[in-house]
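Next come the chains, spelled out residue by residue.
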Amino acid sequence: MQDERVQLVVVIDEFGTTEGLLTTEDITEEIVGEILEGEEELPLDFVDEETVRVRGEVNIEEVNEALDIELPEGEEFETIAGFIFNRAGRLVEEGESFRFENVELTVEHVENTRIMKARVKRLPAEEAEDVDHESLAADGER
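Residues numbered from 1 in each chain as written. Predicted model: local features only at pLDDT ≥ 70, side-chain atom pairs only at ≥ 80, totals over all residues. Heavy atoms only, no water.

On to the overall build of the protein, then. In terms of regular secondary structure, the protein is built from 4 helices and 7 strands. If you list the helices and strands of the protein from N to C, you get β-β-α-β-β-α-α-β-β-β-α. Residues counted as buried form 25% of the 142 residues belonging to the protein. Here the protein displays about 10,100 Å² of accessible surface, and carbon together with sulfur accounts for 46% of that area. (Helix = DSSP H or I, 4+ residues; strand = E, 2+ residues; numbered from the N terminus. Buried < 20%, exposed > 50% of the residue type's maximum accessible area, 1.4 Å probe, protein only. Areas by Shrake-Rupley, 256 points an atom, 1.4 Å probe, with all protein chains shown as cover.)

And the structure:
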């Protein structure tokens, strides 16, 4: 890229199939972290020690590392928005909350049908256990 003085390259595999695009910004961000432009917000922003506000396209692995939690990554989804859609099984609206083990996820901003922002909160172990017992009792009553 430096020799040819180009900012963008097409990455191809050994069979000549296009694998993606790579920019100098992509390379720089891998070294120094996310580069924000203008009014752009951080992809993952700590509210407090137990809570982060994340953009929908943030990878689940990043959220897991930030809060020391274990949200599963599935074949159908890799992002926090994908996880929420998968758990809900339907389109979601702003303000809706979901719990998964010791984690509470709240949808904060939706554009059209796309989750743009969510709040992820790690719950204390006692509260998570109470939620599990309540949900088991509720399931048994149906």
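What follows deals with a nonpolar patch on the surface. A cluster of nonpolar side chains, contributed by Met1, Val6, Ile27, Ile31 and Val32, occupies part of the molecular surface with about 440 Å² of accessible area. Position of Val6 relative to the elements: it lies in the segment before strand S1 (8-12). Look at Val6 and you get partly exposed, because its relative accessible area is 32%. (Patch = residues over 30% accessible without salt bridge, like charges linked within 9 Å, V, L, I, M, F, W, Y side chains within 5 Å. Salt bridge = Lys/Arg side-chain N within 4 Å of Asp/Glu carboxyl O.)

With respect to the helices and strands, Thr51 occurs in strand S4 (residues 51-55). Residue classification places Thr51 among the buried positions, given a relative accessible area of 3%. Apart from the residues lying within four places of it in its own chain, the contact partners of Thr51 are Asp45, Phe46, Leu67, Arg119, Val120 and Lys121. (Contact = heavy atoms within 4.5 Å.)

Our focus in this paragraph is the packing of aromatic side chains. In total, this model carries 2 aromatic pairs according to the counting rule given. Each ring, one from Phe77 and one from Phe83, has its centre 5.8 Å from the other, and the planes form 65°; the classification is edge-to-face. We classify Phe77 as buried; its relative accessible area is 7%. For Phe83, a relative accessible area of 1% puts it in the buried group. Connected via pairs of aromatic rings, a cluster forms that spans Phe77, Phe83 and Phe100. (Phe/Tyr/Trp six-rings, centres within 6.5 Å; stacked < 30°, edge-to-face > 60°.)

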